[in-house]
Amino acid sequence: MGYNQPVTPSTDIPGTSYFRPAIPITLSLIVGILLSQVLPGLVIPSLFILLASAVRLTICLKRDQPVRWSPLLATVVAGYLAMVPWLSPVHGPSHLADYLDTGYWRINGTVADSPIFHYGRTRLLLDVDTLSREAESKPVRGRLRLTVMGEANLEQGAQVTFPARIRAFHNFHNPGGFDYRRHMAFEGIHGSAWVQAEKIQPSEKRTRSPARRLIHATRHRLARMIDSAGQDTAADEKAVLKALVFGDRSGIDDRLRERFNRAGVGHLLAISGLHVGIVATLAFGTLRWIFSFLPPLLWRGWGRQWAAAVTLLPVLAYGLLAGMSPSTQRAELMVALFLAAIILGRSQDVLNTLALAALVILAFFPPALFSISFQLSFAAVLAIVYGLEKIGVAEVPDLSPARRTGRRVVGFVLVSALAIAGTTPVALLHFNQTSVVGIAANLFLVPLVGFVVVPAGLVSAFVTLFFEPVAALGFWLSIKILHLAMMGVDFFSRLSFAAVKAVTPSLMEIFLYYLAAWALLNLRKAALAPWILVAAMVLAAGDGLYWSYQRFWHRDLKVTAIDVGQGGCTLMELPGGGVVLYDGGGFSDNRLFDMGQRVVAPLLWRKKIATVDILVLSHPNADHLNGLIYIARYFNVRELWSNGDVNTTKGYEALMAVCREQNIVVRTMDSGTPKTIVGPVALTVLHPPPGFLNQPDGVDQEYRNNGSLVVKATMGETAFLLTGDIEARGESQLVQRTGSGLASTVLFAPHHGSRTSSSVEFITAVAPAVVVISAGADNRFGFPHAEVTGRYRAAGSRVLCTGTHGAISMRSDGKTVHVRPIL
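Let us look at the structure shown here. (Residues numbered from 1 in each chain as written. Predicted model: local features only at pLDDT ≥ 70, side-chain atom pairs only at ≥ 80, totals over all residues. Heavy atoms only, no water.)

Across the sheet, which stays open at both edges, the eight strands sit in the order β16-β15-β14-β13-β12-β11-β24-β25 with mixed pairing between neighbours. Two strands bound the open sheet, and with one partner strand each, they are β16 (665-668) and β25 (817-821). For this sheet the average axis-to-axis angle between neighbouring strands, irrespective of direction, equals 15°. When strand β15 (residues 639-642) meets β16, the two strands line up parallel, connected through four bridges. Across the sheet, the residue bridging to Trp641 is Arg667, located in β16. (Pairing = 2+ DSSP bridges. Helix = DSSP H or I, 4+ residues; strand = E, 2+ residues; numbered from the N terminus. Axes fitted to C-alpha atoms, helices over the stretch in contact; angles between N-to-C directions.)

Structural data, given as structure tokens:
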């Protein structure tokens, strides 16, 4: 049975559910995979449904009755069951997952990928073979992510041994937050470790297969030739050419990737359908020309089929050379299906072939559905194919060359517009950014890169096998053309309006978007399309009203202690839509992990927050400051409140630079500053006192902590006290100066619950009903200290910690505070 044929003769009618059989089957599989996320634990009922569907299908086939719903229901259940091993894995004995967080081990394993060196660290994947300590040695299987502090001169296949702790992955538990642990599990990576470079002891290399040795040698040879073909100043061009020719993206750093993304051409950096299609086209055309000289093939009319069959070999070889990334695998599969249709002499239905490709991928690897690259790839191709089919672009014969060129330009613009329209909701869901200049940039850059640089680079790579001087000339020419392309990328990306940040669309909004798009494309072809379009618009209006209430019309004070690990970050959503962010969390080096970009900003966007009125920096320590830099740059901030302490770190300097660039007013606040009234909420700065920086002996870390901005947010009979990192001395000053004015319903515990804070007199003065401690799970400081939580509980307070409870959401109506931790 061909892939473009119906399942049964009775449904071989256009318009029925099995006209394109791969489409309903693939959609059913997707529904089953999604249901496994929403309704876990239904394995036994699923097996009964699968059995019933199989019985029904068997009966229908024996009676020669049409089958419609039984195969679809069975596929839904199959998709559900296929995800069970991924969501509830049973690793079996001697798996790496059994040794997470069990102390130091001497780890012996094999480097599984090409190490990448960035910012003084080397990242790689390691297949673990054995774990040993003292007199015991255990054979282990499993993969971990290894971070080497320093540059490690390691290659894929090298066997190494080193001492390290194997740690489990931890999530930041915030509403709708990214499930990093699940993501790594889907990638087959079950733990992480770090080690100093000097502690790694390389041992013998594991014997590779001849094919692997050939691929590694070829990639190394091509990289060497590209490096030598360009000047040292062409580092970006050489990095991009390596990515285009053989999929080496180790030289593509965040800065370069962001330039391409802002210009709307980030897809050019991944080996995808464009690159594999070029290889297939060149190979198929060449082979068909060669086979035209072979009479036996000409007599039987087999030249086209044989060319397609042999084309599979260079396509597969290129995929292996490019590293077989997920995007490459999808492109290879799509091209293979098209070539298979030619070999079998079957007509090609692009939509059915696209669905079949998705079906094969999901059948072998169901978690691929949650891959960003999978979603973007299929959204783009589906939008192009379906959009062109419905718009009805057709070739018109006997046109003049000028008019043919004009139609091709219009067609190219239409393809770019459809691809952007199809992927925009997915891009906003994952990246909260879309390029405004994408169509114009693609019109210039795709032909230049896709039809000039990529073919030139691929041909040069092929010529390398025979005559390196000619190949070197080809790579040199490719780099020169890429330099022109990079000028185009920089031109578009530097436009102030090149890309816009946007709030995160909900799944309902994404559904309504695609539903409306379908209705528009079928407005004159389907009777229900106008009504569906109206319904989508009405539902979208209702969705807009709902979020308008959530953002601007609510009358309560919403406070969220955001889980930022070991640090502090508190969001206050004021009645009427005002937003205050107190601290932003952060690690010491934003290049390695930007808390603002990865954790805080996504939470704000999911809440439809695009503007933060006031940023409050309690004190300029990295775990409170560094997450604010990204927020200050992208959230239309009006004011930054500071205690005036100047900390000469890169983070502090970067924050001040952003404030200057974005015209953010920086206000130095102290206890003498008049309170700020926003509707029914009063924001009062209680600490530090005026002139606290007039310290003749300089400012040490303890003094810096004790100078934290302490802010009290009061609404009616309720109050929230945010204290930064003040310690016992600062607490004593607060009690003496403020007294009963400290009383609050909710206290954000000073200094992450350290024993240097939370004195008895301070707890007595505040008398909180709820205490929120912002501290990372299993942090190296041991926060919160047991004696501190004991003092709070002895005072009758309910104690919550972001490290164990995740983000903590609180809502005050002025009389009571409702508290809801995410865990």
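Here the narrative resumes.
Here we take up the nonpolar core. The tendency in soluble globular proteins is for nonpolar side chains to be buried side by side. Val240, Leu241, Phe260, Val265 and Phe475 are the most contacted members of the largest nonpolar core, which totals 58 residues. Mapped by element, the contributors of at least two residues to this core are α5 (210-229), α6 (235-246), α7 (254-263), α8 (273-291), α10 (303-321), α11 (326-344), α15 (438-463) and α16 (468-493). If we ignore the near neighbours within four places in the chain, the residues touching Phe475 are Leu222, Met225, Ile226, Ala229, Leu241, Gly457, Ser460, Ala461 and Thr464. Core analysis: the next-biggest nonpolar cluster, separate from the first, contains 32 residues, Ile562, Met595, Ile609 and Leu655 among them. (Core = buried A, V, L, I, M, F, W, Y, C linked by side-chain atoms within 4.5 Å. Buried < 20%, exposed > 50% of the residue type's maximum accessible area, 1.4 Å probe, protein only. Contact = heavy atoms within 4.5 Å.)

Looking now at the sheet that holds strand β20 (residues 718-722). To summarise the sheet geometry, strands pair through backbone hydrogen bonds and adopt either a parallel or an antiparallel arrangement. In space, the seven strands of this open sheet follow the order β17-β18-β19-β20-β21-β22-β23, with mixed pairing throughout. Here the strands that pair on one side only, and so sit at the sheet edges, are β17 (676-678) and β23 (798-801). Neighbour-to-neighbour, the strand axes of this sheet turn through a mean angle of 20°, independent of strand direction. Note that strand β22 (residues 770-773) and β23 share four bridges and pair parallel. When the sheet's bridge partners are listed, Val770 is paired in β23 with Arg798. Along the sheet face, helix α25 (residues 786-794) touches β21 (746-748), β22 and β23 and points at about 145° away from the line of β23.

Below, the discussion takes up α10. Taking 1.5 Å of rise per residue, 19 residues should cover 27 Å, and α10 covers 28 Å from first to last C-alpha, within 8% of that figure. Positive backbone phi, approximately 95°, marks Gly323, located one or two places after α10. (Expected span 1.5 Å × (residues − 1).)

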